[in-house]
Amino acid sequence: MYSFEYDLAVDRLRDLRAEADTAARARRLRAARRWARRAEYATRRAARASAAVR
C-alpha cells in the first residue's frame, strides 16, 4: 500500500513540476516579448529625436 501511495505522490509531484515549468516558460516568453517591444519603441524614439535635431 505504501508503495502505491508513494508512486501516486511522485507522479503528482512530477505533473505539478511540469505545469510549473510550462508556466514559467510562458512567463519568460511574455517578458521577452515585452522587453523586445520596449527596445523597439526606444529605438524608434531615438531615431525620431536624432532626426529632429538635424
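This text follows the structure it describes.
Here is what the cut-offs are and how they apply
Residues numbered from 1 in each chain as written. Predicted model: local features only at pLDDT ≥ 70, side-chain atom pairs only at ≥ 80, totals over all residues. Heavy atoms only, no water. Helix = DSSP H or I, 4+ residues; strand = E, 2+ residues; numbered from the N terminus. Rg over C-alpha atoms; globule rule 2.2 N^0.38 Å. Buried < 20%, exposed > 50% of the residue type's maximum accessible area, 1.4 Å probe, protein only. Patch = residues over 30% accessible without salt bridge, like charges linked within 9 Å, V, L, I, M, F, W, Y side chains within 5 Å. Areas by Shrake-Rupley, 256 points an atom, 1.4 Å probe, with all protein chains shown as cover. Salt bridge = Lys/Arg side-chain N within 4 Å of Asp/Glu carboxyl O. Lys, Arg positive; Asp, Glu negative; His and termini not counted. Charge placed at Lys NZ, Arg CZ, Asp CG, Glu CD. Phe/Tyr/Trp six-rings, centres within 6.5 Å; stacked < 30°, edge-to-face > 60°. Lys NZ or Arg CZ within 6 Å of the ring centre and 35° of its normal.

(A) Molecular detail of the overall build of the chain. Scanning the chain from terminus to terminus reveals one helix and zero strands. Taking 2.2 N^0.38 as the reference for a compact globule, 54 residues should give roughly 10 Å; the C-alpha atoms of the chain span a radius of gyration of 23 Å, well beyond that estimate. In terms of overall dimensions, the chain has a C-alpha envelope of 80 × 5 × 5 Å along the principal axes. Taken across its 54 residues, the chain has 2% of its residues classed as buried.

(B) Representation of a positive patch on the surface. Residues R25, R27, R28, R30, R34, R37 and R38 make up a contiguous surface patch of positive charge. Relative to the assigned elements, R25 resides in helix α1 (residues 2-53).

(C) Broad picture of the pattern of salt bridges. A complete count under the given rule lists two salt bridges for this structure. Note that R14 is salt-bridged to D11, the shortest N-O span being 2.9 Å. Of this pair, R14 and D11 both sit in helix α1, three residues apart, roughly one helical turn. Of the residues examined, D11 reaches a relative accessible area of 35% and is grouped as partly exposed. Residues E40 and R44 are paired through a salt bridge, measuring 3.2 Å at the closest nitrogen-oxygen approach. Residue E40 and its partner R44 are located together in helix α1, separated by four residues, close to a single helical turn.

(D) Structural context of the packing of aromatic side chains. If you walk through the whole model with that rule in mind, you get one aromatic pair. Each ring, one from Y2 and one from Y6, has its centre 6.2 Å from the other, and the planes form 20°; the classification is stacked. Of this pair, Y2 and Y6 both sit in helix α1, four residues apart, which is roughly one turn of the helix. You can call Y2 exposed: its relative accessible area is 64%. One cation-aromatic arrangement involves R38 over W35; the distance from NZ or CZ to the ring centre is 4.6 Å.

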